[in-house]
Every structure is written in structure tokens, then in C-alpha cells.
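Summary of structural features
The lines below spell out each chain.
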Amino acid sequence: MSLKASGGSSVVQPQLYQTLPVATISQAEQQDRYIDRGELSELASFFSSGAKRLAIAETLTRYSELIVSQAANRILWGGSPLAYLERPPVEAAAVEMTRGGTVLDDQEASKLGTATYIEGSSSNSGGFLAGLGSLFSVSAPSGPIPAGFRPINVSRYGPSNMQKSLRDMSWFLRYITYAIVAGDPNIISVNVRGLREIIENACSSAATIVALQTMRQAALGYFKSDQDAQGTIAQYFDVALSEFKAPTPSAKVRQRPSGDLQGLQLPQIYFNASERRPKYAMKPGLSVLEKKAVVKAAYRQVFERDITRAYSLNISDLESKVSNGEISMKEFIRRLCKSPLYRKNFFEPYINSRALELAFRHILGRAPSSREEVQNYFSIVSDGGLPALVDALVDSKEYGDYFGEETVPYLRGFGQEAQECRNWGPQFDLFNYSAPFRKVPQLVTLFAAYEQPLPDQHPYGSGNDPLEIQFGAIFPKETRNPSNTPAFFNKDTRRILIRRGPGITSQVSNPRARGVAPGSLGPKVFKLDQVPAMGNAKESVRFSESSTQAVISAAYRQVFGREPYSGQRLTAAETKLENGEITLREFIRILAKSEAFRKIYWSPLYVMKAVEYIHRRLLGRATYGRQETNKYFDICAKKGFYALVDAIIGSPEYDEAFGEDTVPYERYLTPAGVSLRGMRVGTLPERGMAPPAPEVTPRFVELGDVGDMRADAEIQVRMSQGVNRQREQTKIFKLTSLADKPNLKVVAQAAYRQIFERDIAPYVVNTQFTALESKLGNGEITLKEFIESLGYSDLYLKEFYAPYPNTKVIELGTKHFLGRAPLNQAEIQKYNQMLATQGLRAFVRDLVNSPEYSDCFGEDTVPYRRFPTLPAANFPNTERLYEQLTKQNSDLVVPSFEPVG
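Computed from a predicted model, the values in this text were never measured in an experiment.

Parameters and conventions
- Residues numbered from 1 in each chain as written.
- Predicted model: local features only at pLDDT ≥ 70, side-chain atom pairs only at ≥ 80, totals over all residues.
- Heavy atoms only, no water.
- Helix = DSSP H or I, 4+ residues; strand = E, 2+ residues; numbered from the N terminus.
- Buried < 20%, exposed > 50% of the residue type's maximum accessible area, 1.4 Å probe, protein only.
- Expected span 1.5 Å × (residues − 1).
- Salt bridge = Lys/Arg side-chain N within 4 Å of Asp/Glu carboxyl O.
- pLDDT = per-residue confidence, 0-100.
- Contact = heavy atoms within 4.5 Å.
- Phe/Tyr/Trp six-rings, centres within 6.5 Å; stacked < 30°, edge-to-face > 60°.
- Axes fitted to C-alpha atoms, helices over the stretch in contact; angles between N-to-C directions.
- Parallel < 35°, antiparallel > 145°, perpendicular 65-115°, else oblique.
- Nonpolar A, V, L, I, M, F, W, Y, C, P; charged D, E, K, R; others polar.
- Polar contact = N/O pair within 3.5 Å; in protein donor to acceptor, adjacent residues only side chain to side chain.
- Lys, Arg positive; Asp, Glu negative; His and termini not counted.

**Concerning the overall build of the chain**
- Looking only at helices and strands, one finds 43 helices and 6 strands in the chain.
- Taken over 901 residues, the chain has a buried fraction of 45%.

**Topic: helix α8 (residues 159-182)**
- For α8, with 24 residues, the first-to-last C-alpha span of 34 Å sits near the 34 Å given by 1.5 Å per residue.
- Taken as a whole, α8 has its buried residues at Met-162, Ser-165, Leu-166, Met-169, Phe-172, Leu-173, Tyr-175, Ile-176, Thr-177, Ala-179, Ile-180 and Ala-182.
- Of the residues flanking the end of α8, it is Gly-183, one or two places downstream, whose phi is positive at about 75 degrees.

**Examining the pattern of salt bridges**
- All chains considered together, the criterion is met by 41 salt bridges.
- We note a salt bridge from Lys-330 to Glu-405, for which the minimum N-O separation is 3.9 Å. In this pair, Lys-330 is assigned in helix α17 (residues 329-337) and Glu-405 in the loop between α21 (397-402) and α22 (424-432), connecting sequence segments 75 residues apart.
- Residue Lys-330 is classed as buried on the basis of its relative accessible area of 15%.
- For Glu-702, the salt bridge is made with Arg-699, and the minimal N-O distance between the two is 3.0 Å. One end of the pair is Glu-702 and the other is Arg-699, both in helix α33 (residues 699-704) and 3 residues apart, which spans about a single turn.
- Residue class for Glu-702 comes out partly exposed when judged on its relative accessible area of 40%.
- Classification of Arg-699 by relative accessible area gives exposed; the value is 56%.

**A short note on unusual backbone geometry**
- Of note in this structure, Glu-757 is not a glycine but carries a positive phi near 65 degrees.
- With respect to the secondary-structure elements, Glu-757 resides in the loop between α35 (741-756) and α36 (762-778).
- On the basis of relative accessible area, Glu-757 is assigned to the partly exposed category, the value being 26%.

**Here we look at the confidence of the model for the chain**
- Averaged over every residue, the pLDDT of the chain is 77; the share at 70 or more is 73%.
- Per-element confidence in the chain ranges from a low mean pLDDT of 46 for helix α6 (residues 128-135) to a high of 95 for helix α30 (residues 641-649).
- Note on residues 1-14: pLDDT is under 50 here. Beyond four places in sequence and across chains, it has 53 contacts.
- Taken as a whole, residues 532-545 scores under 50 in pLDDT and shows 17 contacts with residues more than four places along the chain or in a different chain.

**Some words on the environment of Gly-413**
- With respect to the helices and strands, Gly-413 occurs in the loop between α21 and α22.
- C-alpha separation for the pair Gly-413 and Trp-424, spaced 11 residues apart in sequence, amounts to 9.8 Å.
- Setting aside residues up to four positions removed in sequence, Gly-413 forms contacts with Gln-419 and Phe-431.

**What to know about the packing of aromatic side chains**
- Inspection of the entire model under this criterion finds 30 aromatic pairs.
- A ring pair is formed by Phe-641 and Tyr-642, whose centres lie 5.2 Å apart and whose planes are at 65 degrees; its orientation type is edge-to-face.
- Note on Tyr-642: relative accessible area 39%, which makes it partly exposed.
- Where Tyr-796 meets Phe-800, the ring centres are 5.1 Å apart and the plane angle is 40 degrees; that geometry is what we call tilted.

**Topic: α30**
- Here α30 has its buried residues at Phe-641, Ala-643, Leu-644, Val-645, Ile-648 and Ile-649.
- Where α30 is buried, its residues touch α26 (584-592), α27 (595-601), α28 (607-619), α29 (626-639) and α31 (652-657).

**Points about the packing of helix α16 (residues 316-324) against α17**
- At a closest axis distance of 10 Å, the pairing of α16 and α17 adopts a crossing angle of 170 degrees. On the basis of the axis angle, α16 is roughly antiparallel to α17. Contacts between α16 and α17 involve Leu-318, Glu-319, Lys-321 and Val-322 from the former and Met-329, Phe-332, Arg-335 and Leu-336 from the latter.
- Residue composition of the contact of α16 with α17, by class: 5 nonpolar, no polar and 3 charged.

**Section: the side chain of Gln-558**
- Mapped onto the fold, Gln-558 is located in helix α24 (residues 548-560).
- For Gln-558, a relative accessible area of 14% translates into the label buried.
- A distance of 2.8 Å separates the side chain of Gln-558 from the backbone oxygen of Arg-617, its partner in a polar contact.
- For Gln-558, the residues in contact, after removing those within four places along its chain, are Arg-616, Arg-617, Val-663, Pro-664, Tyr-665 and Glu-666.

**Overview of the side chain of Glu-788**
- Looking at the secondary structure, you find Glu-788 in helix α37 (residues 783-792).
- Among buried Asp, Glu, Lys and Arg side chains, Glu-788 stands out as unpaired, with Arg-845 the closest opposite charge at 4.5 Å.
- For Glu-788, the side chain forms a polar contact with the side chain of Tyr-792, separated by 2.4 Å.
- Setting aside residues up to four positions removed in sequence, Glu-788 forms contacts with Val-844, Arg-845, Val-848 and Asn-849.

Here you go:
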């Protein structure tokens with residue numbers, strides 16, 4: 001089966017190297033348990049020694065050049081290794097200089113032979129002088145000399161090989177400092193294991209072992225008074241030596257049971273660097289606790305959780321049999337997957353496709369690999385149900401090869417073995433999400449999408465790249481979860497490129513038209529003519545620019561994508577171009593190799609993305625496809641950034657399209673680029689698209705338009721909508737003077753009738769509201785505050801709040817305090833939330849203190865029934881609300897504002 005699709009790339013951030021805290025916590029998390037006492041003490045000791053580890057790493061970094069130089073002196077002869085070290089530039093300061101113009105520091109003095117050092121001083125236990133002194137002293141052997149060791153002659157070895165050897169030894173030391181800080185030698189194992197055969201072909205493995213032993217001895221010399229630090233350094237150097245001496249590990253090959261599956265292999269170093277996943281096997285000699293741990297691992301694999309800890313469940317009969325050796329672990333897995341608990345959780349709630357995917361995860365530790373495999377097992381589960389599917393998976397050759405009779409199945413995911421690209425994203429979704437939260441089958445739709453025509457989307461999944469750079473982007477940002485829909489882009493797929501210019505010069509119709517200028521139908525072309533042309537002898541005169549500065553500005557805009565800042569301009573190259581010392585092509589090459597261009601289009605991007613950008617900037621088109629980008633990737637990997645620029649600018653296509661005197665311009669666009677530019681705001685009419693339809697005034701607006709001037713009285717009549725003044729309340733109770741005690745009594749009784757919908761008995765008034773009436777009569781509170789206090793009373797709470805739901809309470813509140821029904825659903829929603837969160841007092845307070853209450857009643861008027869005619873739908877609701885008695889009818893009046901016919 002030929003593979004031409006990718007399953008999409010999920011947002012996976014692999015743990016490249018292990019640290020002690022990460023390794024410890026991940027182990028406990030995988031086993032679904034708390035960190036035990038031994039792990040806690042290990043973490044405590046690691047964190048308590050953090051300052052010392054950092055100090056060790058800082059010291060080794062500070063004296064790294066001297067440590068590497070001592071190792072080089074041990075294995076090389078005929079020259080000073082210090083001369084080949086890549087040292088950072090010396091900071092500007094008042095330093096002593098030699099006659100040759102170099103800085104006279106300790107290292108320069110050592111090369112000139114003008115420095116003397118005293119070795120063995122008790123006051124100097126380490127440092128720069130001690131390191132330099134050890135360069136010229138014969139120290140004790142740092143370890144057993146391997147057979148076949150011969151010192152290397154520097155003059156025969158060559159400067160280039162010297163720099164590479166010192167760089168490699170510096171890398172060894174750097175890995176050791178990383179491991180000391182991380183508390184885990186994982187990075188040493190990953191990067192050092194397997195180097196022996198490589199170094200043996202390039203240099204000498206025996207010399208490397210001697211160099212590592214010398215570096216170990218030199219590093220220990222800086223910590224003579226600290227036994228703990230010496231023990232830590234010696235531990236990690238010993239790991240580096242043992243790993244270097246170990247042979248190259250063989251790659252882990254993914255076994256495949258059928259011919260339609262991909263056969264892949266994973267380098268052993270990647271497996272060593274991955275997250276440590278414990279593997280459990282039921283052995284006869286295990287203790288009781290160890291057997292229980294194996295059984296729990298089987299529960300976690302099959303049920304995706306520890307059912308004993310989570311649900312206090314266990315299958316005691318099967319546990320005792322597998323612990324006593326009556327059944328094997330393979331049979332234990334088979335019976336767990338056939339149990340009623342598994343059927344209830346992972347088979348009955350799902351369709352067969354999803355149940356098949358989950359069974360693959362639980363039994364084989366992977367996702368289905370191909371469409372043919374899904375079809376095969378789908379027919380099995382359709383004919384025989386769950387038992388037949390379990391038997392087919394457990395009895396498969398793949399299960400026997402990976403797990404056998406004793407091993408508990410585990411997830412064969414990232415880092416455990418090589419992964420297939422065609423179902424990458426869905427497989428990790430299957431691993432990362434718990435089954436109850438993902439019930440839709442993922443891989444069936446994925447494999448079905450493989451049979452569809454070529455989609456117009458990114459090869460790693462739709463929506464992954466917002467920049468229409470289709471052949472290099474994987475993740476635009478780490479926080480975004482891209483789509484995993486596949487796309488059939490392979491090495492034979494070619495981009496569709498649209499020429500910017502007249503259609504007759506397109507490469508599709510005229511393959512020789514690559515160097516033809518686009519004219520007025522394409523982008524403006526800038527050419528630099530060093531010698532002015534006479535008449536119309538030269539064709540390029542029509543497109544030339546007389547000003548050299550305009551050409552330079554166009555070159556900056558094309559290469560950088562914008563006008564450069566003042567500090568980014570290459571004034572020296574501009575001067576050479578103006579003087580005719582270099583051609584325009586060389587000027588473009590200098591711009592492309594500048595530090596500013598490198599920081600924009602190379603350093604922050606990964607290789608394929610950078611190739612896409614640089615190719616567009618320098619050749620004026622996107623890459624055709626995988627074959628072209630693979631060629632550029634090979635150049636970048638072997639020769640670097642500058643070789644890529646030279647390959648593009650020195651290509652035959654550049655000669656034909658731009659030559660020596662033309663600024664590169666955008667010659668071709670992708671369909672996505674044309675669409676993005678054509679759909680921008682303001683470009684629709686000029687792109688030939690239909691203009692937007694003119695706004696048409698609706699007919700009901702035209703009919704409602706007032707053609708003549710109307711008086712205020714006529715407007716008021718129309719606003720009343722047929723409600724005459726006879727229906728309004730004729731008697732309004734208003735508190736005019738506190739001295740009029742009879743009127744004060746009448747106003748209080750009117751307030752009782754409005755708020756409580758009846759006259760209140762005298763004994764009720766005497767017991768509850770006498771104090772309020774006294775405060776009102778003495779002027780301590782206003783009538784508005786008196787109304788608000790009635791709403792706070794226990795009687796109102798008992799009669800109009802406790803027996804009803806919130807919606808009915810809102811209707812009664814607007815009736816009592818505002819004299820109308822609720823206006824709309826938005827008002828009901830607002831007050832409903834207020835009642836639910838703040839209670840009745842906040843609701844009454846909001847009604848009484850609202851602007852509507854102040855406009856209608858003010859501070860001295862008892863609320864009364866109003867006849868608001870706007871909105872019109874509220875008028876019949878108010879009628880119904882006032883025509884029914886609250887105690888005799890508790891129906892909701894305005895649940896939906898239905899029209900009244």
C-alpha cells in the first residue's frame with residue numbers, strides 16, 4: 001500500500017531529556033499513586049542540593065576552556081590547544097596590549113612564555129592560575145590508559161580537526177554540567193552512547209577516553225575541599241565514560257503483522273530520552289506486593305484507571321488465579337476485557353468503530369494502523385461481538401511478539417517505538433483523552449478521508465498555517481490545537497502558481513517566458529542601469545529607474561519585506577553599488593546575508609519555514625513542492641544559511657528572471673494568496689465582483705414616515721393608542737404636609753392597599769407598622785422610604801415572596817411598586833438574577849430607587865396603577881395582572897408575552 005497522507009500533527013511537546021523531579025513525578029502519575037517515602041526523600045535531597053549543583057555547574061562553565069585545554073594537552077602534542085579555542089570577544093576596557101596589538105591576558109602570556117605560575121600553594125585550591133599551572137605540569141595519571149593510545153601530532157592533525165576535537169570535548173563537558181543541574185544522567189546517555197564508532201573513524205576512541213579522564217581529574221581539582229561536590233562530579237563523569245565505551249545500540253524496529261502496515265524503526269537514543277514508562281510482568285518469584293502492583297497495572301491499562309482505588313472494585317477470583325500462577329497474564333487480560341465491567345464501560349455505550357479503537361488501545365497499546373486492519377476487525381466484532389474481538393486481538397501474533405504470556409500491555413506511544421505519520425494525530429488523541437469524554441470514532445473517518453480527492457489545505461492538517469506557506473508550517477502557536485484532517489501532499493504534488501502579468505506569458509502556455517518582464521499588468525520592476533542607454537536601443541530602459549536610491553529602497557523592501565531601520569542599512573554596500581564596484585545581484589546577496597535578514601527569516605524559524613520565506617524574498621515565488629524543498633533542506637543541513645542564499649541567487653532561474661541588474665519582484669502567487677488579496681475590504685469592486693446591493697427602506701418604515709408637522713396634543717393622543725383618560729386613576733394620594741394628620745392617615749392606608757392589595761387590619765398595623773408611621777409623621781423618613789420599608793417587611797415576605805417562584809415575584813413587585821407589568825423578557829431576566837443572587841431586599845431597593853419610580857411618583861406620592869401604552873405588548877399584560885386577585889390565582893401572567901387576540 002502506497003502511503004501519501006499524514007494524519008495531522010497533534011500538539012505534542014516531547015520531553016527531550018529527563019530531570020529527576022520530572023522522572024519521579026511521571027513514574028507516580030503513570031502508576032496512579034502518591035509519591036512514596038523514598039521518592040520524597042530523593043526529591044528533598046535534590047532540591048536541598050540545588051544551590052550546590054548550580055555552583056558546580058557555574059564553576060565548570062567558568063573554567064571550561066582550561067579543563068578542555070588540559071585534556072587536549074594530554075592527547076595532543078606539537079602546539080598549544082588554547083590557540084584553537086573559540087573564545088568570546090574581550091570586553092572593551094583598559095587592558096594591557098602586546099606589541100602585536102593583542103590583549104595581554106593570562107592566556108596570551110602563556111602562549112608568549114612570559115607568564116610564570118606557582119603550583120601547590122595551600123592558599124590556592126583552584127581557579128584560573130591553578131588551571132594554567134596544571135597545563136604545564138605533569139600530573140598523576142587520571143585513570144587507566146587504554147590500549148592503543150598514541151598522542152596526536154597537532155601539525156598533522158590540522159587546525160580544522162583541532163577545533164572540531166576541542167568543540168567535541170567542550171560538548172562532553174557541557175552535557176555533564178546539564179546532567180548535574182538536572183540530577184539525571186539521561187542527557188549523557190542519549191548524546192554519548194554510540195559515539196565510539198563515529199569517533200574511531202574520525203579520530204581515536206582511546207584518545208577520547210584519555211581526554212575524558214583528564215577532564216574528570218581537572219574538574220575535581222577545583223573542588224579539593226568539598227568531598228560532596230567531588231563525588232557528584234565523579235559520578236557523572238563515570239557515566240559519560242561508561243556510556244562512551246558502550247557499543248552503539250541497535251534501532252528499535254516496529255514489528256508489523258501484515259504487509260499493509262508501515263515498517264518503521266526508532267533509534268535507541270530516542271527511546272532512552274523518552275519518558276520512562278515502567279513495564280510490568282507477572283513472574284512466579286515475585287512477592288505479594290509486587291504481584292499486586294502488576295495486577296493494578298493491568299487494571300490501569302484495560303480500564304484506564306485503578307478500579308480498586310477509584311471505585312473500590314476488583315475481580316478477586318481472577319486476581320487470585322493470576323497471582324497463584326493458575327492463569328497467565330495474557331489470559332488475565334483476555335478475561336478482564338470480556339468481563340461485564342469492561343462491556344458496560346467500553347463496549348455498550350459506543351458504536352462498533354469506537355469500541356474497536358478502544359480495544360486496540362487497551363489490548364495492543366496502539367491505535368488501528370490502516371483501513372484494511374479496521375475492515376478486518378470490524379467484520380469480526382460485527383459477527384461475533386466483543387468476545388470475538390478480544391480473542392482476535394489477544395491471540396494475534398503482534399500481541400505475542402510484544403507482550404507474550406507474562407507482560408502487561410502498555411501504550412506503545414511516543415518514544416516507545418517508531419510512530420506512523422498517517423495516523424499520528426488521532427493516535428495521540430486516543431492516548432491522551434479518557435474514553436468517556438471522546439465517543440466519536442476518530443480513525444475510521446481518518447482512513448475514509450484518505451480516499452477523498454486532494455483537499456485544498458495544509459499537509460499537516462487544515463488550519464495549521466495562517467500564512468499560506470503550505471510546505472513548512474506545523475504549529476503556528478503552542479496554545480492552538482490544530483485540525484488533524486489529512487491532506488494528500490507527497491513528494492510528487494506540485495503547487496499551483498499564478499503568474500503576475502499578462503496571461504500570454506504564463507509558463508503554462510509559454511515555458512520560455514520566465515525572463516519576460518510583466519509590463520503594466522504585473523508588479524513594478526526596478527532595474528539599475530549603470531550606463532545610460534541611447535534611444536530605444538535597450539528593452540530595459542522602459543522599466544528602468546534613473547535614481548539609484550529608488551532601486552536601493554526597492555531592494556530593501558523586497559528582501560526585508562519593509563523599509564529597514566537606520567541601524568540596519570548597509571551603507572558600505574550601498575556606496576559600492578552607487579560607485580559601480582558591485583552589481584545589483586551582489587547587493588541583493590549582501591542584504592540576504594546580513595545579520596538583520598538572518599534574524600528575521602532564519603534564526604526564529606525552523607528550516608523548512610525559513611526556506612519558504614527566503615525563497616519568496618529572493619526568487620519571487622513560492623516553492624513548487626517537496627522535491628524542491630528537499631533539495632534546499634539538504635543544502636541547509638550540510639552547509640548552512642549562507643550556502644542556501646548562494647544557491648538561490650546563483651541559480652539559473654535567477655539569471656533568467658532578474659539577471660545582474662534587476663531587483664527581485666513577486667512573479668507568482670498561490671491561489672490562497674490571490675484569494676486573500678482579492679477578498680480584502682475595499683478591493684471587491686475593482687476585482688470585478690458585484691457591488692453590494694443598495695439599502696432599501698422597508699415598506700412599513702415608509703408608511704410610518706410623518707409627512708407633516710404635528711402638534712404636541714396630537715402626538716400625545718397617538719401615544720395613548722386609544723386609551724382614554726377615564727381609565728386612568730382619578731384619585732392620587734400625595735403627602736403634602738406633615739401637619740395634616742388625617743391626610744397622613746389616608747396616605748398610609750393607600751400605601752397599604754397598594755403594596756398589600758387590601759386594607760390592613762388595625763392590629764396588624766399596631767404590631768408591625770406603628771413605628772414606621774411615627775417616623776413618617778415626624779419627618780424622619782419620606783413617603784418613598786416608607787414604601788420601601790413596607791417591601792422589606794415580614795408581611796410582604798410572607799404574602800408575596802415565599803409562596804411564589806421568582807417570575808411571579810417579579811410580576812407582583814412591578815405591580816406594587818411601579819404600577820405596571822414587566823416590560824419584557826430582558827427585565828424579567830435582570831430581576832430574576834438579582835433575586836437569585838441578592839434576595840428580595842435588593843429587588844425592592846432597585847425598584848423604588850429606579851429612575852422610572854422617581855419620574856412617576858417622586859418622593860411624596862403613593863404608587864398607583866398606571867396605564868403605560870408603550871410597549872404595546874405590555875398593556876394587555878398589565879390589564880390581566882390587575883384584573884385577577886393574587887390570593888385566588890397564582891398563574892404567571894407574562895411568561896412569554898403572547899399576543900392577545
